[in-house]
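One-letter residues, chain by chain:
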Amino acid sequence: MTTLAEPIASAKPQTTTPATPHEKQVATKSMTIALGGGVALEWYDWTVYGMMASFLSPLFFPSTDLTTSLLAALAVYGAGFFARPIGAAILGPIADRISHKRVMMISVTAMALCSLLISVLPGYKELGVAAAVILLLIRLIQGLATGAEAGVANAIAIELAPPREEGRYLGLISGTFIQLGVFASSMVAFFVSASVSPETMHEWAWRLPFAVGGALGLLIIYLRSKLPETLIKHVMHRDELSRTQETTGGVWKTLWSVRLSLLAVILVVGAVQIANYAWNAGLPNLANGVFKENSTWVYGITTLMGVIWIVTAPFVGAFADKVRPSRAFTLLRLLLVGCFFLTLVYSEKSISTFFFVMVFGGAIVGFNMALYNFIATTLMPRAVRTTGIAVGYALGVSLFGGTSPYLLVWLQHAQMAWIFPVYGSLIAVLSVVVYHVAKKRGHVYIGD
């Protein structure tokens with residue numbers, strides 16, 4: 001594995017003065033903050049829409065049936081994810097061939113601007129159907145722009161990770177920072193909900209978390225603008241799976257040669273995203289929109305779950321480094337199978353039951369969230385790492401994660417709640433099977 005500290009064979013002689021250990025440490029910390037901050041922002045914006053769906057739904061999708069309005073808002077939530085594979089297909093090869101930094105800047109800028117737009121967008125009363133259409137377009141733009149974010153962040157993170165500590169470092173970037181974004185969204189929602197009356201929350205205060213996301217985005221834009229270009233060019237490799245591709249066609253040709261790895265990435269990501277969005281969007285919206293729980297308590301419990309995820313992520317990654325990534329992945333993914341069935345416990349209004357499902361079940365979901373990005377990254381060779389992770393991640397999230405909150409609420413409404421845990425468990429088991437088939441055929445390129 002190549003790290004930033006290793007010498008790179010270049011087509012031109014290196015004339016710059018080598019960085020001191022202190023300078024390298026400062027550069028790594030700056031990279032970590034900028035990378036992690038962008039990842040956190042992405043998850044903040046995606047999660048905050050899911051948390052606010054029950055409040056914005058009657059304003060943009062008015063109906064006499066509150067569940068119908070909520071389902072419409074969640075459908076828009078899912079639609080944004082379906083744009084991500086397209087964005088990954090367009091931006092992933094650019095990141096692998098031309099520039100990591102440009103793709104990161106596009107991603108964070110789009111997220112910030114779109115969040116600001118949602119915070120001021122008039123509703124159905126002012127714009128009619130156009131309000132819902134504009135909201136949908138904003139989410140599609142966010143999906144397109146962030147399609148490559150996971151691929152770029154993970155590809156750079158694995159290059160920065162100290163040898164034999166890849167799991168711990170990816171746990172920090174794609175575990176702790178992700179959960180910081182999720183935590184921030186629930187914390188902001190909690191404080192806003194606790195500071196205003198329920199009527200004010202429904203009328204306009206739900207817009208405040210989106211405005212916060214836009215403001216945070218401006219800060220991340222500044223931090224990322226200071227980063228150097230991280231794509232390593234002119235690297236001399238004989239191995240097709242290691243050398244930088246010269247054309248977009250070359251990227252896709254190489255990715256096709258490792259298509260089993262791509263399928264494994266899709267399932268590794270998809271299974272845990274079913275659980276992630278069920279716990280971060282589906283269950284909170286079920287509590288707020290259907291069972292009419294106290295929203296302040298709902299957001300407070302969701303925030304507590306986020307704290308658990310933040311604290312445990314690096315430890316889960318370090319555990320994977322110690323016992324081997326494949327063993328840690330298999331153990332935690334099989335625990336997730338049983339966790340899905342906890343959704344059946346929360347079938348009527350009860351804040352104590354909601355607490356149990358969110359905290360104890362959510363802990364298992366969090367352990368899996370801390371590891372899945374590392375596992376996905378190990379499945380992709382260096383030559384197409386950004387594109388492979390981005391496309392696999394986007395397809396996994398779009399096909400499975402984006403639809404999860406809608407399915408959970410709809411199946412509960414249709415008296416078929418049992419289907420959801422069965423569905424989630426099957427995808428989780430399938431992800432383990434395909435991962436081990438890929439591993440047996442030599443498609444694990446980092447660790448193990």
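Bear in mind that the values here come from a model prediction, so they are computed numbers and not experimental data.

Asks: Hey, could you run me through the overall build of the protein in this one?
Replies: When you go through the protein residue by residue, the secondary structure sums to 18 helices and 0 strands. A burial count over the protein gives 59% of its 448 residues as buried. A sequence separation of at least 24 residues applies to 86% of the contacts in the protein between residues at least 6 apart. As displayed, the protein has an accessible area near 17,700 Å², and 69% of this comes from carbon and sulfur atoms.

Asks: Please explain helix 8 (residues 166–195) as it appears in this structure.
Replies: Taking 1.5 Å per residue as the helical rise, helix 8 with its 30 residues ought to reach 44 Å, and the 42 Å between its terminal C-alpha atoms agrees with that figure. When the local axis directions of helix 8 are compared, the greatest deviation, roughly 35°, occurs at Leu172.

Asks: Is there a simple way to explain the confidence of the model for the protein in this structure?
Replies: Low pLDDT marks stretches whose predicted atomic positions should not be read closely. Taken as a whole, the protein shows an average pLDDT of 84; of its residues, 89% reach a score of 70 or greater. Counted against residues more than four places away or in other chains, residues 1–16, with its pLDDT under 50, gives 20 contacts. Residue range residues 234–238 is modelled with pLDDT below 50. Its contacts to residues more than four positions away, or to other chains, number 9 contacts.

Asks: Hey, could you run me through a nonpolar patch on the surface in this one?
Replies: On the surface, a nonpolar cluster with roughly 730 Å² of combined accessible area is contributed by Leu304, Val307, Val311, Phe315, Val345, Phe355, Phe356 and Phe360. At the level of secondary structure, the elements contributing two or more residues to the nonpolar patch comprise helix 13 (295–323) and helix 15 (351–378). Secondary-structure assignment places Val345 in the loop between helix 14 (325–339) and helix 15.

Asks: Can you help me understand the nonpolar core in this one?
Replies: Generally speaking, nonpolar side chains in soluble globular proteins are found buried as a group. Within the largest apolar cluster, 139 residues are counted, with the highest numbers of intra-cluster contacts made by Met52 and Trp279. Here this core spans two domains, and each of domain 1 (26–227) and domain 2 (251–447) adds at least three residues to it. Ignoring any residue separated from it by four or fewer positions in sequence, one finds Trp279 in contact with Pro284, Met305, Cys339, Phe340, Thr343, Val357, Met358, Gly361, Gly362 and Val365.

Asks: Whenever I open this one, the environment of Leu411 confuses me. Can you help?
Replies: Structurally, the position occupied by Leu411 is in helix 17 (residues 404–413). Ignoring anything within four residues of it in the chain, the contact list for Leu411 reads Met416, Ala417, Ile419 and Phe420.

Asks: Teacher, can you tell me more about the pattern of salt bridges here?
Replies: Side chains that carry opposite charge are capable of pairing whenever their charged atoms lie near each other. This structure, assessed with the given rule, holds 2 salt bridges. When the shortest N-O distance is used, the salt bridge between Glu42 and Arg84 registers 2.4 Å. One end of the pair, Glu42, is in helix 1 (residues 21–60); the other, Arg84, is in helix 3 (residues 84–97), with 42 residues separating them in the sequence. On the basis of relative accessibility, which here comes to 2%, the residue Arg84 falls in the buried class. Here Arg168 and Glu165 are joined by a salt bridge, their closest N and O atoms 2.9 Å apart. Residue class for Arg168 comes out partly exposed when judged on its relative accessible area of 30%. The partly exposed category is assigned to Glu165, whose relative accessible area is 33%.

Asks: When you look at helix 18 (residues 419–440) in this model, what are you seeing that I'm missing?
Replies: Residues separated by three or four positions in an α-helix point in the same direction, a consequence of the helix having 3.6 residues per turn. For helix 18, which comprises 22 residues, the first-to-last C-alpha distance of 32 Å matches the rise-based estimate of 32 Å (1.5 Å per residue) to within 8%. Listed in full, the buried residues belonging to helix 18 are Phe420, Pro421, Gly424, Ser425, Ile427, Ala428, Ser431, Val432, Val434, Tyr435 and Ala438. Elements that come into contact with the buried residues of helix 18 comprise helix 12 (259–290), helix 14, helix 15, helix 16 (385–401) and helix 17.

Asks: Can you help me understand the packing of aromatic side chains in this one?
Replies: Each pair of aromatic rings is reported with the distance of its centres and the angle of its planes. Counting across every chain of the model gives 11 aromatic pairs. With a centroid separation of 5.9 Å and an interplanar angle of 15°, the aromatic rings of Trp43 and Tyr277 are classed as stacked. Of this pair, Trp43 sits in helix 1 while Tyr277 sits in helix 12; the two residues are 234 residues apart in sequence, bridging distant segments of the chain. Its relative accessible area of 2% is what places Trp43 among the buried residues. With 6.5 Å between their ring centres and 75° between their planes, Tyr49 and Phe210 make a pair best called edge-to-face. Of this pair, Tyr49 sits in helix 1 while Phe210 is found in helix 10 (residues 208–225), placing the two residues 161 residues apart along the sequence. Judged by relative accessible area, which is 0%, Tyr49 ranks as buried. A connected cluster of aromatic rings, assembled from ring pairs, spans Tyr49, Phe60, Trp206 and Phe210. Over the ring of Tyr49 we find Arg139, and its NZ or CZ is 4.5 Å from the ring centre.

Asks: How do you make sense of the packing of helix 8 against helix 13 when you look at a structure like this?
Replies: For any two helices packed against each other, one specifies the crossing angle of their axes together with the interaxial distance. The contact between helix 8 and helix 13 brings their axes to 8 Å, and the two run at 170°. Of the possible angle classes, the one that applies to helix 8 and helix 13 is roughly antiparallel. In the contact of helix 8 with helix 13, the residues fall into 13 nonpolar, 14 polar and 3 charged.

Asks: Sorry, what's going on with unusual backbone geometry here?
Replies: The backbone of Arg164 shows a phi angle near 65°, a positive value even though the residue is not glycine. Looking at where Arg164 falls in the secondary structure, it is placed in the loop between helix 7 (149–160) and helix 8. The exposed category is assigned to Arg164, whose relative accessible area is 70%.

Asks: I keep staring at the environment of Ile94 and nothing clicks. Help me out?
Replies: By the secondary structure assignment, Ile94 is in helix 3. Sequence-wise, Ile94 and Thr387 are 293 residues apart; in three dimensions their C-alpha atoms are separated by 8.6 Å. Dropping the residues within four chain positions of it, Ile94 is found in contact with Ser99 and Val103.

Asks: Explanation requested: the side chain of Thr377 in the structure shown.
Replies: Tracing the chain through its elements places Thr377 in helix 15. Overall, the relative accessible area of 0% leaves Thr377 in the buried class. Among residues more than four places away in sequence, those in contact with Thr377 are Asn154, Ile158, Leu170, Arg385, Ile389 and Ile446.

Scoring rules and cut-offs
Residue indices follow the written sequence of each chain, beginning from 1 at its first position. Given that the model is predicted, a residue must reach a pLDDT of at least 70 before its local features are reported, and side-chain atom pairs must reach 80 or more before they are shown or counted; all residues, however, enter totals for whole chains, interfaces and linings. Think of the side-chain values as coming from all heavy atoms in the structure, minus any hydrogens and water. Per the convention used, a helix needs a DSSP run of H or I reaching at least four residues, while a strand needs a run of E reaching at least two, with both numbered from the N terminus. For the exposure calls, accessible area comes from a 1.4 Å probe over protein chains only, and a residue counts as buried if that area is under 20% of its type's maximum, exposed if over 50%, partly exposed in between. Pairs of residues are marked as contacts when any of their non-hydrogen atoms sit within 4.5 Å. Accessible areas in this description were obtained via Shrake-Rupley with a 1.4 Å probe; residue shielding takes into account the shown protein chains only. Here the expected span of a helix is defined as 1.5 Å times the quantity of residues minus one. One fitted axis covers the seven residues ending at a residue, a second covers the seven starting there, and the bend at that residue is the angle between these axes. Values of pLDDT, which run from 0 to 100, indicate the predictor's confidence residue by residue. Distance thresholds for patches are 9 Å for like charges and 5 Å for nonpolar side chains (Val, Leu, Ile, Met, Phe, Trp, Tyr), applied to residues having over 30% relative accessible area and no salt bridge. Whenever a carboxyl oxygen of Asp or Glu lies within 4 Å of a side-chain nitrogen of Lys or Arg, that contact is scored as a salt bridge. Residues belong to a common nonpolar core when they are buried Ala, Val, Leu, Ile, Met, Phe, Trp, Tyr or Cys residues joined through side-chain atoms within 4.5 Å. Domain segmentation is taken from an automatic or database assignment of domains. Under the pairing criterion, centres of Phe, Tyr and Trp rings, with the six-membered ring standing for Trp, must be within 6.5 Å; the plane angle then separates stacked pairs below 30 degrees from edge-to-face pairs above 60, leaving the rest tilted. Placement of a positive charge over a ring is assigned whenever Lys NZ or Arg CZ falls within 6 Å of the ring centre and within 35 degrees of the normal to the ring plane. Every axis in this analysis is a line fitted to C-alpha atoms, fitted for helices over the stretch in contact. Angles between the N-to-C directions lie between 0 and 180 degrees. Working rule for angles: under 35 degrees goes down as roughly parallel, over 145 as roughly antiparallel, 65 to 115 as roughly perpendicular, anything else as oblique. Under the convention adopted here, Pro, Cys and the residues Ala, Val, Leu, Ile, Met, Phe, Trp and Tyr are nonpolar, Asp, Glu, Lys and Arg are charged, and Gly plus all remaining residues are polar.

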